[in-house]
Amino acid sequence: MFLQKAWRTAAFGLYGLMHFTKSGFEKHSRNFRPEEMQFRLEGKNCLVTGANSGLGYATAEALASRGATVYMVCRNKERGEAACSKIRARTGNTNIYLEVCDLSSVGEIKSFASKISSEDQPLHILVNNAGVLEHNRVITSEGLELSFAVNVVGTYAMTELLLPLLEKASPDARVITVSSGGMYGAPLTQDLQFSQSNFNGTEQYARNKRVQVALTEKWSDKYGSKGIGFYSMHPGWAETPGVAKSLPDFSKRMSGNLRTSEEGADTIIWLALQPKDKLISGAFYFDRAEAPKHLPFAGTAGSHTLIHSIYDSLQSLCNLQPG
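Since the structure is predicted, the reported quantities are computational estimates derived from the model, not experimental observations.

Asks: Report on helix α12 (residues 307–317), specifying residues and quantitative values.
Replies: The set of residues buried in α12 consists of I307, I310, Y311, L314 and Q315. Projection of α12 onto a plane perpendicular to its axis shows the buried side chains occupying an angular sector of 140°, all on one side. On its buried face, α12 sits against α6 (146–161) and α8 (201–223).

Asks: Go over the sheet that holds strand β2 (residues 69–74) with me, naming the residues and quoting the values.
Replies: If you trace the eight strands from one edge of the open sheet to the other, you get β3-β2-β1-β4-β5-β6-β7-β8, paired in mixed fashion. In this open sheet, the two edge strands, each paired with only one partner strand, are β3 (96–100) and β8 (289–290). Relative to strand β4 (residues 125–128), strand β1 (residues 45–49) runs parallel, the two being bridged by three bridges. Its bridge partner lying in β4, L47 is registered against L126. Where helix α4 (residues 77–91) meets the sheet, it contacts β2 and β3, and its direction lies at approximately 170° from that of β3. Most of the contacts of α6 go to β4, to which it runs at about 170°, and overall it touches β1, β4, β5 (173–178) and β6 (228–234).

Asks: I'd like a description of the environment of Q193, backed by residues and values.
Replies: Mapped onto the fold, Q193 is located in the loop between β5 and α8. When the C-alpha atoms of Q193 and R137 are compared, they prove to be 9.5 Å apart, with 56 residues separating the residues in sequence. Excluding residues that lie within four positions of it along the chain, Q193 makes contacts with R137, G143, L144, E145, F148 and Q204.

Asks: Residues and numbers for the pairing of β3, please.
Replies: Both faces of the sheet carry side chains from a regular strand, because those side chains alternate between them. With five bridges connecting them, β2 and β3 associate as parallel partners. Note that in β3 the partner of V70 across the bridge is I96. The β-α-β motif built from β2, the intervening α4 and the parallel element β3 has right-handed crossover chirality.

Asks: So what's going on with the environment of N129? Residues and values would help.
Replies: Note that N129 resides in the loop between β4 and α6. It is 24 Å that separates the C-alpha atoms of N129 and S23, two residues lying 106 residues apart in sequence. Contacts of N129, omitting those with residues within four sequence positions, involve T49, G50, L55, G56 and V178.

Asks: Which residues make up the environment of S246, and what values go with them?
Replies: Mapped onto the elements, S246 comes out in helix α9 (residues 241–246). The contacts of S246, once residues within four sequence positions are left out, are L133 and H135. At 3.3 Å, the side chain of S246 and the backbone oxygen of L133 are in polar contact.

Asks: Explain the packing of α6 against α12 to me, using residue names and the numbers behind them.
Replies: Packing of α6 against α12 brings their axes to within 11 Å, and their N-to-C directions diverge by 80°. Accordingly, the angle class assigned to the pair α6 and α12 is roughly perpendicular. Seen from α6, the contacting residues are F148, V152, V153, Y156 and E160; seen from α12, they are Y311, L314, Q315 and L317. Grouping the constituent residues of the contact of α6 with α12 by class yields seven nonpolar, one polar and one charged.

Parameters at a glance
- Counting from 1, residues in each chain are numbered in the order their sequence is written.
- With pLDDT at 70 or above as the cut-off, local features in this predicted model cover only qualifying residues; side-chain atom pairs require 80 or more to be listed or tallied, and sums for whole chains, interfaces and linings still use all residues.
- Derived side-chain values reflect all non-hydrogen atoms in the structure, with water molecules and hydrogen atoms excluded from consideration.
- Three labels apply to residues, based on accessible area from a 1.4 Å probe with only protein chains included: buried if under 20% of the type maximum, exposed if over 50%, partly exposed otherwise in between.
- The secondary structure listing takes helices from DSSP runs of H or I that are at least 4 residues long and strands from runs of E that are at least 2 residues long, numbered from the N terminus.
- Throughout, the arc means the angular range of directions from the helix axis out to the C-beta atoms.
- Contacts are residue-level and defined by heavy atoms, with any inter-residue pair within 4.5 Å sufficient.
- For two strands to be treated as a pair, DSSP must find at least two bridges joining them.
- Lines fitted to C-alpha atoms define the axes here, with helix axes fitted over just the stretch in contact, and angles between the N-to-C directions of these axes take values from 0 to 180 degrees.
- Convention used here: a crossover is right-handed provided that the path from the first strand, over the helix, to the second strand proceeds clockwise when the strands point away from the viewer.
- Any pair of N or O atoms that falls within 3.5 Å is considered a polar contact. Within protein, one atom must be able to donate a hydrogen and the other to accept it, and sequence-neighbouring residues count only if both atoms are side-chain atoms.
- Put simply, angles under 35 degrees are roughly parallel, angles over 145 are roughly antiparallel, angles from 65 to 115 are roughly perpendicular, and the rest are oblique.
- Amino acid classes used here: Ala, Val, Leu, Ile, Met, Phe, Trp, Tyr, Cys and Pro are nonpolar; Asp, Glu, Lys and Arg are charged; the rest, including Gly, are polar.

This is the structure:
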């Protein structure tokens, strides 16, 4: 177990340095096709969580610049309003709306989903971007470990509750979940809230991101017939406010070698724009191409069978009816 964990860490570090950095993006972008990013999104409704900064802001702005109606879901009203106003000014698109919701609260997500569902508008693109890496064990008002609450429960509840609106946009609806390369170092585990006494925030984040990739597979299998595509992706190592705050040493050490937020968000936009017949539902994407979900000899692939019981646990925790 110790040796395998050490191998995962080493393999992830080496793989990351080769591919996830700014130079990795520059190398991979030589194969990009500019015409694949020329599609317009007028008449499309898009919802982006964690949209006031970093990857979420870059995603919201890129969607807005292509004519989409964008709902920016942010926890902080003031920062959200500032980001919303900035995107309107930069893109000339006035169909940009702020929705305030704390993704760590199932209650708030349910209230938000009820409000937006009452408008009875199709949702063409849902981008599950909001995330947090907390190094200390923090428990939410609903009794959940904070990272798990935002990264896993928030992603799960938001997606499940907005399924009816996504169905209305069928067959063009898609859900894009922003994961992380950190998931390469973590198999799925039933210990979703990291009950061990020696809480490790970085490891918990990696576990959360592995759940997101497996959830994408589960959703694709469960809801694929509804005309919704489900995709997870990895943005690479990007220089965002979240990374600077959560991983200051890493951010300082990699200074000059990290991607911009726009480079990190590039594959999110690519997934939003491509004809669905060119994409594989349930797949994991990186730099505009399908990417492996497991590193060689890491021993993580077999753990994905746990997603069925994890899914049931999330359904029970959120008190949602079976779909």
